[in-house]
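Observations on the model geometry
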Amino acid sequence: MTDKDVQQTDERAHGPGPWWADLGTWGAVGLIAVGGLGAVWVFFRLPGTSEELGAGYYQAAKVVAIGLVLGGSTLVGRRRARGAAPEEMADRAESR
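Residues numbered from 1 in each chain as written. Predicted model: local features only at pLDDT ≥ 70, side-chain atom pairs only at ≥ 80, totals over all residues. Heavy atoms only, no water.

1. Quick look at the overall build of the chain
Applied cut-off: Strands are runs of DSSP state E lasting at least two residues, helices are runs of H or I lasting at least four, and both sets are numbered from the N terminus onward. Buried, partly exposed and exposed residues are distinguished by accessible area as a fraction of the type maximum, computed with a 1.4 Å probe on protein chains only: under 20%, between the cut-offs, and over 50%, respectively. Throughout, a residue-residue contact means that at least one pair of heavy atoms, one from each residue, lies within 4.5 Å.
Along the chain, the regular secondary structure elements total two helices and zero strands. For the chain, buried positions account for 12% of its 96 residues. Considering only residue pairs separated by 6 or more positions, the chain has 65% of its internal contacts joining residues 24 or more positions apart.

2. Considering the environment of Arg45
Tracing the chain through its elements places Arg45 in the loop between α1 (24-43) and α2 (53-95). In this structure Arg45 comes out as exposed when scored by relative accessible area, which is 58%. Taking the C-alpha atoms as reference points, Arg45 and Gly56, eleven residues apart in sequence, are found 9.8 Å from one another.

3. What about the environment of Val64?
With respect to the element layout, Val64 can be found in helix α2. Overall, Val64 belongs to the partly exposed group, its relative accessible area being 22%. Placed 32 residues apart in sequence, Val64 and Ile32 show a C-alpha to C-alpha distance of 4.5 Å. Excluding residues that lie within four positions of it along the chain, Val64 makes contacts with Leu31, Ile32, Gly35 and Gly36.

4. As for the environment of Trp19
Tracing the chain through its elements places Trp19 in the segment before α1. Here Trp19 falls in the exposed class, since its relative accessible area comes to 61%. When sequence neighbours within four positions are dropped, the list of residues in contact with Trp19 reads Leu31 and Ile66.

5. Things to note about a nonpolar patch on the surface
Note the cut-off: Exposure above 30% relative accessible area and no salt bridge define the residues that can form patches, which grow by joining like charges within 9 Å and nonpolar side chains of Val, Leu, Ile, Met, Phe, Trp and Tyr within 5 Å. For the accessible areas, the method is Shrake-Rupley and the probe is 1.4 Å, while residue cover comes only from the protein chains on display. Here a salt bridge means any side-chain nitrogen of Lys or Arg lying within 4 Å of a carboxyl oxygen belonging to Asp or Glu.
Together, Val40, Trp41, Phe43, Phe44, Leu46 and Tyr57 line one region of the surface with nonpolar side chains, adding up to about 600 Å² of accessible area. A total of three residues in the nonpolar patch trace back to one element, the largest contributor, which is α1.

Pasting the structure below:
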């Protein structure tokens, strides 16, 4: 095979992202609320709660943690975008 036969691109093939990647801020709030509701469900031992209470709390904590990370990442991204916007506006004003 010669170099002419090989087509190279700079694209990286990534598989589909995690299920929670596109939820946004309100999705993060929803995950935190659902995780809290799950913890309350386990605490009161409502129907469907397993005999092993630690497993229920663990699952609820995972959902809350995903919500917190997602919410924090979204808020940091917005703050960075807001911080970059004045610099871009100043660059545009200077070029006029």
